[in-house]
Amino acid sequence: MTRVLLTGFEPFGDSTVNPSWQAVRLAAATPPEGVSLTTAVLPVVFHDANERLRAAVEESGAEVVVCVGQAGGRAGVTVERVAINLDDARIPDNAGGQPLDEPVVAGGPAAYFATLPVKACVAAVRAAGLPASVSHTAGTYLCNHVFYGLMHLIETERPHVRGGFVHVPYAPEQVPGGDEPSMSAPAIAAALTAILSAAVTTTADLKVTGGSLH
Ligand code: PCA
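Fair warning: this is a prediction, and the values are worked out from it, not measured in the lab.

Section: the environment of Leu153
Line of reasoning, step 1. Within the secondary structure, Leu153 is located in helix 4 (residues 142-157).
Line of reasoning, step 2. Taking C-alpha positions, Leu153 is 10.0 Å from Gly163, a pair spaced 10 residues apart along the chain.
Line of reasoning, step 3. Aside from chain neighbours lying at most four places away, what touches Leu153 is Arg54, Val57 and Arg158.

Quick look at the site of the ligand
Line of reasoning, step 1. Around the ligand, the structure places Phe9, Phe12, Asn18, Val44, Gly69, Gln70, Tyr141, Leu142, Cys143 and His167.
Line of reasoning, step 2. Contacts to the ligand include Leu142, whose backbone N or O atom sits 3.3 Å from an oxygen atom.
Line of reasoning, step 3. Taking His167, its side chain carries an N or O atom lying 3.0 Å from an oxygen atom of the ligand.
Line of reasoning, step 4. When the free accessible area of the ligand is taken as 260 Å², the share hidden by the protein chains comes to 93%.
Line of reasoning, step 5. Among the elements of the structure, strand 3 (64-70) and helix 4 are those that each provide at least two residues to the shell around the ligand.
Line of reasoning, step 6. Residues that form the shell around the ligand fall into these classes: 6 nonpolar, 4 polar and no charged.

Let's talk about the nonpolar core
Line of reasoning, step 1. By size, the foremost hydrophobic cluster in this structure holds 66 residues, and its most contacted members are Leu53 and Val65.
Line of reasoning, step 2. In terms of residues, this core owes the most to one element, helix 5 (residues 185-201), which gives 10 residues.
Line of reasoning, step 3. When neighbours within four sequence positions are excluded, Leu53 is seen to be in contact with Leu5, Thr7, Leu42, Val65, Cys67, Val146 and Leu150.

Here's the deal with the sheet that holds strand 1 (residues 2-9)
Line of reasoning, step 1. The 6 strands are arranged 2-1-3-8-4-7 in an open sheet whose pairing can be described as mixed. The open sheet is flanked by strand 2 (35-42) and strand 7 (132-135), the only strands paired with a single partner. Each neighbouring strand pair of the sheet contributes to a mean axis angle of 25°, computed without reference to strand direction.
Line of reasoning, step 2. Sheet analysis places strand 4 (residues 77-80) next to strand 7, joined by 4 bridges and oriented parallel.

Parameters and conventions
- Residues numbered from 1 in each chain as written.
- Predicted model: local features only at pLDDT ≥ 70, side-chain atom pairs only at ≥ 80, totals over all residues.
- Heavy atoms only, no water.
- Helix = DSSP H or I, 4+ residues; strand = E, 2+ residues; numbered from the N terminus.
- Contact = heavy atoms within 4.5 Å.
- Near = heavy atom within 4 Å.
- Polar contact = N/O pair within 3.5 Å; in protein donor to acceptor, adjacent residues only side chain to side chain.
- Areas by Shrake-Rupley, 256 points an atom, 1.4 Å probe, with all protein chains shown as cover.
- Nonpolar A, V, L, I, M, F, W, Y, C, P; charged D, E, K, R; others polar.
- Core = buried A, V, L, I, M, F, W, Y, C linked by side-chain atoms within 4.5 Å.
- Buried < 20%, exposed > 50% of the residue type's maximum accessible area, 1.4 Å probe, protein only.
- Pairing = 2+ DSSP bridges.
- Axes fitted to C-alpha atoms, helices over the stretch in contact; angles between N-to-C directions.

See below:
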């Protein structure tokens, strides 16, 4: 069994739900074969989120960590490749904090790459019949903050853990007018299950296209 930690976020901004946590809870009901799954919900609060993540990693003894967040406006599931050492919050977090142009970790490297097989994860979601692509920016808000915090923790303290970040679209109830793309929680959960399967069974990534021009 591979011990896996899957995290979602609490709602933030104008939303009363966060599809990342909805889907993580659903995915926890049917973990892929060979996976012992622990879940955690993270606060959308800069000064708390990475401490909560650290505690969840320690408590779960996870060998693979996949953090999940909402990327409203994206049409498919995106597997993030790179976390940058920058907090630049467009809106205040759930505790009113709004760091501008601050490092996630003072003195830390400019960026970390995910250590999940990102293209194999994308391929697995597509094979499940759902839209997915590689992304090269997790933004500069809480998702990037947690992704960078995870990779820094792995780099400095837990080198045998593999980690990465997945962004998911809005839930249908967040876009009642249908003017933005959305994906149902069960569909997002199926995508997460496919990603976990790929993450625990693939160590060398696929050599397939997945880059972007802009
Ligand atoms: N999405 C935000 C933070 C929490 C979430 O679910 C982001 O993309 O940074």
